[in-house]
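Listed below, chain by chain, are the residues.
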Amino acid sequence: MFTEIPGIILMFVLLIILAIPFGRYIGKVFNYEPTRLDFLLNPLDNLFFKLSGINPNKQMNWKQHLGVMLLLNLIWFLLSMFILMNMGWLPLNPDKNPGMNPDLAFNTAISFICNTNLQHYSGESGISYLGQLVLMLWQFLSAGIGIAAAAVVFVAMKERTTEQLGNFYSFFIRSCTRVLLPLAVVVAIILAFNGAPMTFNGKDTITTLQGDTMQVSRGPAAAFIAIKHLGTNGGGFFGANSAHPFENPNYFTNIVEMVAQMIIPVAMLFAMGYMLKRRKLSWMIFGVMTIGFLILTVPTVLAELQGNPAIGKMGISQSSGNMEGKEVRIGSGASAYWSIATTVISTGSVNAMHDSFMPLSGMNQLLAMMVNCFYGGCGVGFLNFYIFVIIAVFISGLMVGRTPEFLGKKIEAKEMKIASIIALLHPFLILTGTALASYIYAHNPAAYAAWLNNPGSHGFSEMLYEYTSSSANNGSGFEGLGYGNGSSVGDNTLWWNITCGVVMLLSRFLPIIGPVAIAGILAGKKFIPESPGTLKTDSATFGIMVFAVIFIIAALSFFPALSLGPIAEYFGMK
Amino acid sequence: MKNSNKLFERELVKEAIAQSFVKLNPVILFRNPVMFTVEIGTAIMLAVCIWIAAGEKSQGSLLYNAIVTIILLITLLFANFAEAIAEARGKAQANSLRKTREETPAKQIIVGEIFASEIKIVPSSQLNKGDIFLCEAGDIIPMDGEIIEGLATIDESAITGESAPVIREAGGDKSSVTGGTKVLSDKIKVRVTTEPGESFLDKMIALVEGASRQKTPNEIALTILLAGFTLVFIIVCVTLKPFGDYANTPITIAAFISLFVCLIPTTIGGLLSAIGIAGMDRALRANVITKSGKAVETAGDIDTLLLDKTGTITIGNRKATNFWPVEGIDEKTFIEACALSSLADQTPEGKSIVELANVNTTAFNTSDAVFIEFTAETRSSGIDLATGIQIRKGAYDAIKNIVTRAGNIFPESIAERVKIISSNGGTPLVVSQNNNVLGVIELQDIIKPNIHERFDRLRKMGVKTVMVTGDNPLTAKFIAEKAGVDDFIAEAKPEDKMNYIKKEQLSGKLVAMMGDGTNDAPALAQADVGVAMNSGTQAAKEAGNMVDLDNDPTKLIEIVEIGKQLLMTRGTLTTFSIANDVAKYFAIVPALFIASVPALQGMNIMKLHSPESAILSAVIFNAIIIPLLIPLALRGVAYKPIGASALLRRNLLIYGLGGVVVPFLGIKLIDMLVRIWF
């Protein structure tokens, strides 16, 4: 039963071994130091800037950075709305899939631009290859936006007193071409060689052993899956996501995809240490995140390996763990590990059915997204963590008898205001969304019966999960929600598409704007040199403080909701 | 001054209790968002009670709801009481200073009808800025002012507690007099420098009183954070209603409001303003008048401390420690000459020479002797005896001039000795007789006992100390090293101080200094914390942001600690308050849902008796923790200079971990009592 554990440890160790040097590389990229790929990529970047007429050397302040970021996203949103709604007659549609209706297109467009990849459609029937390619492009670009925003914050943290925080276009292009693209090429090739399809041909037809003919969807999946993980996007090419054999053919690809989805968020921390020459700070942050990650992972893996006691009582062997909703080629342990990894970072790709995990495993998945900063998404994970650091610095700064300061900059009312709003946003969106859905369902259960496949606390978890996943820009589904897959048009679909779309939108951009604004304001402040009275932010003690702040704000606010969902279910099973 | 260290004096408590009710006024309470939401909760509960009394059945018993309402009201009153008692203590302290000067008769000098000027007795309250009054021996000085004519010895014990009289005179840096102090001898004319009701003390009293108290930047930032927490918990509680609907669990309004009030940081919210006022009050108890609460806070952040050598690091004045005669001169002869030359020298240095010489001065024949006073030109003093002997003593180069001009040789050995004395931090005084060098007297600064430890303490706090002195660099360096200061400014002119402050500020540091003279005023204004001595000139007092009534140069060290204590008290109580939430969640959340989801009994880890008793216990704990922490808020958390990381570890352990554990115990204990009725 515990033979699966070495595989899990291997995935984690491999991640760290690869993330440290890759982080140094990312640090070099944003420090504009020479790297080995320059000979190839410098001409490419220059060509792009020449064609677009953008001057990559123009220095921007934090407001200009955010302006560019929002403008780019607006253009992409309009473009994807157009393509998704009209892909029925646009080229590259061998399977003749129809265009999306407006609310589903709205949800999908936002979902991919926001790096969420919540999918209320199924890839096989709901989208054309052109649509898939556009979504794949967004998977690059949205991850690039997150990395570039983090780069702005790194530069702001590094500078002593300045408004000049580099050029957003340049950071963005570098994120895409120098960070995402090289890795994506490597991962896509590995996947293609292991059996993931990479073709523009339409559905294939096979004859099964029983003699029936079967239509098998395929497409340019290998490239799509590579970036879906590297960019912590998580949107599957096929409806079943990485549980589908074409997306995740074997145990080896499972390891590759696992490492691929975590490498950039972890490497970003080391990139920060390299850029700021504060390696200890990056290790402190890595330590806090890792402890949080392990606290969620270890019990989940153990619970899944132990199997479901309810099934055990029926006399069915649980020796391979809780296998309901899991793939045999991957196993319960690796699926459990994946389920936490994909939720702590904002990937949201799944290789098993989260709905079928044990109640407390489901709670851990929810908690991972509620915290949303144990590694977190590409770039944005660090930004979320940054907010908690600011709050922790403020409280602990007071505790040592000094006006709080972070990296030599005083934290005052304005920064506290922004940090409080951002810290508040996530619980607000999740709880309000779930509350509205609960209210509607509870007051008219007959009309909305199709919403929930399960009654009681499990049904509550399904709704809670949907909003948590949207707000964390995660995109995974607990599933079991009756929002249909594009074919069941109705109020139900409309409700989930629109509300989740709005939640995704707010929870994507405000948590980028907030940290960039704080870092930008702090960068403009007077630098205060360190003295023996200064609070050290790279110490273990401060790490504990940050962890406590995260626990109280991010985890405890959801305690009542969790106790009605997974906790009630857990105690109910006893 | 009477320094009462008792926290709760009867009179003050009475006043504070009355004020606690006055402060229930929503307009006043609105300034404190956390407690304001509690007030709204209380109002809602009151309405619920009325609703039940009118026959509503779904909200539980009237008794239970009434008890919740009353506990919420008490929570509010406790928080108000914390603020009120802090205000009362501050005001009492300031009033005891002010009382001394109220309604004393003043001898105002006015341009009269008969004479050019005549004296009229008026009550002190009628004196305006610019008026001139006269004070003679035995008079109480009616108002703060500046001496424009005369000199007097003054007993300032009413203000400083120090009984030794001080001399104040017109012109110079010791020209200020404080209302309430007493003239012991002589006569002075004083010009009033403040409008009635606008003295520093009046400003301080206003600062302590609620109405004009401005929140400091740090207090505002913390209030924002607390408001943020409050909003999160509003969301948590409001969304519980539909969650409850979904789970078919009706949740009573009392439970909602109890959960909400328990979760929001009422402990720190209720104590926040008390902590700020207590900080100013502690400064006042140290006899420091602050002009703003911000100054106290800034003091905690000080990186660099500029300290005058004399009076701070060394005891007042130099003392003679050694006589070094030139070869061939009998030591006894030299010592006698030294004593002779200093007989008429009334400076402390001169007196110390006579003291050290320890010879029978009455045996000297000084009849018809002429004493030569020290002047800035000659830089020497001495005596011309009737016998024709001329003794001079003075600075090395001054005596060298006299000797060489007379054609004599200045002995090499003495020049050498002079250098040695200087580099040891001493001051050499060369003595000559009839233009021949006799020897050199060594004067040494006496460094205050324990000052080294105090500077060590400051260094551990992260404060850099800088000694400012008029001494030459060699002497300054020696004393700086011996006293353990980090840096020094030698041969300091007023602009040197200013430049040093600016240089430090440019590199981002906060600088504090103390000064008294008018020429200190620009530097006092430039410094982030400028403490003016009360004896100093009006200009200095206006320029600084604190006034030290004791004129004690070491006070800066105390002020830094008061500032640090203030911030720490805020930080630790915030941590404690928020950490409390863990236990409160575990008390109330199971209680909310147990009726419909019995499985959740597993979460009731404290094994509380019933939903009602759990909720009541949590709310009661939440209320009584406020008065229990009032003493801590008023006294401040003890500051220990053990380095920032160690301090954080210590406070996190006490207030963070303590904040998690204490409510578990407290709520359980209260539940064991409450279960008798619910």
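Because the structure is a prediction, the values reported are computed rather than measured. (Residues numbered from 1 in each chain as written. Chains lettered and ligands numbered in written order. Predicted model: local features only at pLDDT ≥ 70, side-chain atom pairs only at ≥ 80, totals over all residues. Heavy atoms only, no water.)

1. Brief notes about the overall build of chain B
Part 1: The helix and strand inventory of chain B stands at 23 helices and 20 strands.
Part 2: Across its three principal directions, the C-alpha atoms of chain B cover 115 × 70 × 45 Å.
Part 3: Counting only residues that meet the buried cut, chain B has 55% of its 678 residues in that class.
Part 4: Taken as a whole, chain B presents about 27300 Å² of accessible surface, with 59% of it coming from carbon and sulfur.
Part 5: Taken as two groups, the 66 positive and 72 negative side-chain charges of chain B have centres that lie 7 Å from each other. (Helix = DSSP H or I, 4+ residues; strand = E, 2+ residues; numbered from the N terminus. Buried < 20%, exposed > 50% of the residue type's maximum accessible area, 1.4 Å probe, protein only. Areas by Shrake-Rupley, 256 points an atom, 1.4 Å probe, with all protein chains shown as cover. Lys, Arg positive; Asp, Glu negative; His and termini not counted. Charge placed at Lys NZ, Arg CZ, Asp CG, Glu CD.)

2. Section: the overall build of chain A
Part 1: For chain A, the helix and strand inventory stands at 19 helices and four strands.
Part 2: A globule of 574 residues ought to have a C-alpha radius of gyration of about 25 Å, and chain A, at 23 Å, matches this closely.
Part 3: By its C-alpha atoms, chain A is 75 × 60 × 50 Å across when sized along the principal axes.
Part 4: By the burial criterion, 66% of the 574 residues in chain A qualify as buried.
Part 5: Looking at chain A alone, contacts between residues at least 24 apart form 78% of all its contacts between residues at least 6 apart.
Part 6: Taking the average place of the 31 positive charges on the side chains of chain A and the average place of its 27 negative ones, the gap between the two points comes to 15 Å. (Rg over C-alpha atoms; globule rule 2.2 N^0.38 Å. Contact = heavy atoms within 4.5 Å.)

3. With respect to the interface of chain B and chain A
Part 1: Residue-level contacts link 61 residues of chain B with 65 residues of chain A.
Part 2: With both sides pooled, the region where chain B packs onto chain A buries about 5000 Å², and carbon together with sulfur makes up 76% of that total.
Part 3: Across the contact surface, chain B and chain A share two salt bridges.
Part 4: A salt bridge links A:K410 to B:D301; the nearest nitrogen and oxygen atoms lie 3.8 Å apart.
Part 5: Applying the counting criterion to the chain B and chain A interface returns 10 residue pairs in polar contact (both at pLDDT 80 or more).
Part 6: Elements with a minimum of two residues in the side of chain B that touches chain A: α7 (217-246), α16 (451-461), α21 (555-593) and α23 (644-674) of chain B.
Part 7: If one sorts the elements of the side of chain B that touches chain A by residue count, α7(B) sits on top with 19 residues.
Part 8: Each residue belonging to the side of chain B that touches chain A can be placed in one class, and the counts come to 35 nonpolar, 17 polar and nine charged. (Buried area = accessible area lost by both parts, 1.4 Å probe. Salt bridge = Lys/Arg side-chain N within 4 Å of Asp/Glu carboxyl O. Polar contact = N/O pair within 3.5 Å; in protein donor to acceptor, adjacent residues only side chain to side chain. Nonpolar A, V, L, I, M, F, W, Y, C, P; charged D, E, K, R; others polar.)

4. With respect to the confidence of the model for chain B
Part 1: In the predicted model, chain B carries a mean pLDDT of 85, and 94% of its residues have values of at least 70.
Part 2: This prediction of the complex comes with two scores: 0.85 for pTM and 0.90 for ipTM. (pLDDT = per-residue confidence, 0-100.)

5. A word on unusual backbone geometry
Part 1: Not every positive phi belongs to a glycine, and A:T232 is a case in point at roughly 45 degrees.
Part 2: On the secondary structure map, A:T232 appears in the loop between α8 (221-230) and α9 (251-276).
Part 3: Even without a glycine there, the phi angle at B:D186 is positive, about 65 degrees.
Part 4: Summarising the element assignment, B:D186 is placed in strand β7 (residues 182-192).

6. Examining the pairing of strand β15 (residues 436-444) of chain B
Residues and elements named next belong to chain B.
Part 1: Most of β15 is tucked away: eight of the nine residues are buried.
Part 2: Judged from the six bridges that link them, strand β10 (residues 319-325) and β15 form a sheet pairing that is antiparallel. Paired with F323 across the bridge in β15 is I441.
Part 3: As paired elements, strand β14 (residues 426-433) and β15 share eight bridges and run antiparallel to each other. Within β15, the residue paired with V430 across the bridge is V440.
Part 4: Joining the antiparallel neighbours β14 and β15 is a turn of two residues, in which N434 adopts a positive phi near 50 degrees. (Pairing = 2+ DSSP bridges.)

7. Notes on the sheet that holds strand β20 (residues 546-548) of chain B
All names here are of chain B.
Part 1: Pairing in this open sheet of seven strands is mixed, and the strands run β8-β20-β19-β18-β9-β16-β17 from one edge to the other. Looking along the sheet, the strands with just one partner apiece sit at the ends: β8 (288-290) and β17 (487-489). Sheet twist, expressed as the mean angle between neighbouring strand axes with direction ignored, is 20 degrees.
Part 2: With three bridges connecting them, β8 and β20 associate as antiparallel partners. Paired with T290 across the bridge in β20 is M546. (Axes fitted to C-alpha atoms, helices over the stretch in contact; angles between N-to-C directions.)

8. Some words on the sheet that holds β14(B)
All names here are of chain B.
Part 1: Across the sheet, six strands lie side by side as β10-β15-β14-β13-β12-β11; this open sheet has antiparallel pairing. The open sheet has two free edges, formed respectively by β10 and β11 (370-372), since each of these has just one partner strand. Put simply, the sheet's adjacent strands are angled 20 degrees from each other on average, direction ignored.
Part 2: On top of the sheet, helix α12 (residues 331-342) reaches β10, β12 (380-384), β13 (390-394), β14 and β15; it is set at about 135 degrees to β10, its chief contact.

9. Notes on the packing of aromatic side chains
Residues and elements named next belong to chain A.
Part 1: As enumerated under the stated definition, the model contains 34 aromatic pairs over all chains in all.
Part 2: Seen in terms of ring centroids, F293 and Y375 are 5.4 Å apart; in terms of plane orientation they differ by 55 degrees. Their pairing is tilted. Separated by 82 residues along the polypeptide, F293 in helix α10 (residues 279-306) and Y375 in the loop between α13 (359-371) and α14 (380-399) bring together distant segments of the chain. In this pair, the class of F293 matches that of Y375, namely buried.
Part 3: Their ring planes at 45 degrees and their centres at 6.2 Å tell us that F382 and Y386 sit as a pair that is tilted. Residue F382 and its partner Y386 are located together in helix α14, separated by four residues, close to a single helical turn. Accessibility classification places F382 together with Y386 in one group, the buried group. (Phe/Tyr/Trp six-rings, centres within 6.5 Å; stacked < 30°, edge-to-face > 60°.)

10. Focus on the side chain of A:N473
All names here are of chain A.
Part 1: Note that N473 resides in the loop between α16 (456-471) and α17 (491-523).
Part 2: A polar contact of 3.0 Å, which involves the side chain of N473, links it to the side chain of T116.
Part 3: Other than its neighbours up to four places away in sequence, N473 contacts C114, N115, T116, S346, M504, S507 and R508.

11. Side note on a positive patch on the surface
Residue and element names in this part refer to chain A.
Part 1: A grouping of R24, K158, K277 and R279 is seen on the molecular surface, where their side chains present a positively charged patch.
Part 2: As for its placement among the helices and strands, K158 is situated in helix α6 (residues 129-158).
Part 3: Classification of K158 by relative accessible area gives partly exposed; the value is 38%. (Patch = residues over 30% accessible without salt bridge, like charges linked within 9 Å, V, L, I, M, F, W, Y side chains within 5 Å.)

12. Concerning the state of the cysteines
Residue and element names in this part refer to chain A.
Part 1: Counted according to the given criterion, the structure contains zero disulfides over all chains.
Part 2: The structure places no disulfide on C176, whose sulfur is separated from the nearest cysteine sulfur, that of C378, by 10 Å.
Part 3: Among the residues examined, C176 registers a relative accessible area of 11% and is labelled buried. (Disulfide = S-S within 2.5 Å.)

13. A short note on the environment of B:R675
Residue and element names in this part refer to chain B.
Part 1: By the element assignment, R675 lies in the segment after α23.
Part 2: C-alpha of R675 to C-alpha of E612: the two residues are 63 residues apart in sequence and 8.8 Å apart in space.
Part 3: In this structure, R675 is in contact with K607, H609 and S613, ignoring residues within four places of it in sequence.

14. What to know about a nonpolar patch on the surface
Residue and element names in this part refer to chain A.
Part 1: A cluster of nonpolar side chains, I9, L10, V13, L14, I17 and L18, forms an exposed patch at the surface whose accessible area comes to about 500 Å².
Part 2: Locating L18 in the fold gives a position in helix α1 (residues 5-30).
Part 3: Relative accessible area serves as the criterion here: at 40%, L18 is assigned to the partly exposed category.

15. Describing the packing of α7(B) against α21(B)
Residue and element names in this part refer to chain B.
Part 1: Where α7 meets α21, the closest approach of the two axes is 12 Å, and the angle between their N-to-C directions is 5 degrees. The pairing of α7 with α21 is recorded here as roughly parallel in orientation. Across the interface between the two elements, N218, E219, L222, L226, F229, F233, V236 and L240 from α7 touch L567, R570, T574, I578, D581, Y585, L592 and F593 from α21.
Part 2: Across the contact of α7 with α21, the residue classes break down as 11 nonpolar, two polar and three charged. (Parallel < 35°, antiparallel > 145°, perpendicular 65-115°, else oblique.)

16. Some points on the packing of α10(A) against helix α18 (residues 540-555) of chain A
Residues and elements named next belong to chain A.
Part 1: At a closest axis distance of 9 Å, the pairing of α10 and α18 adopts a crossing angle of 45 degrees. Of the possible angle classes, the one that applies to α10 and α18 is oblique. Handedness of the crossing formed by α10 with α18: right-handed. Across from M284, V288, I291, G292 and I295 in α10, the residues of α18 making contact are F542, G543 and F547.
Part 2: In terms of residue class, the contact of α10 with α18 is built from six nonpolar, two polar and no charged. (Left-handed = near helix turned anticlockwise from the far one by under 90°.)

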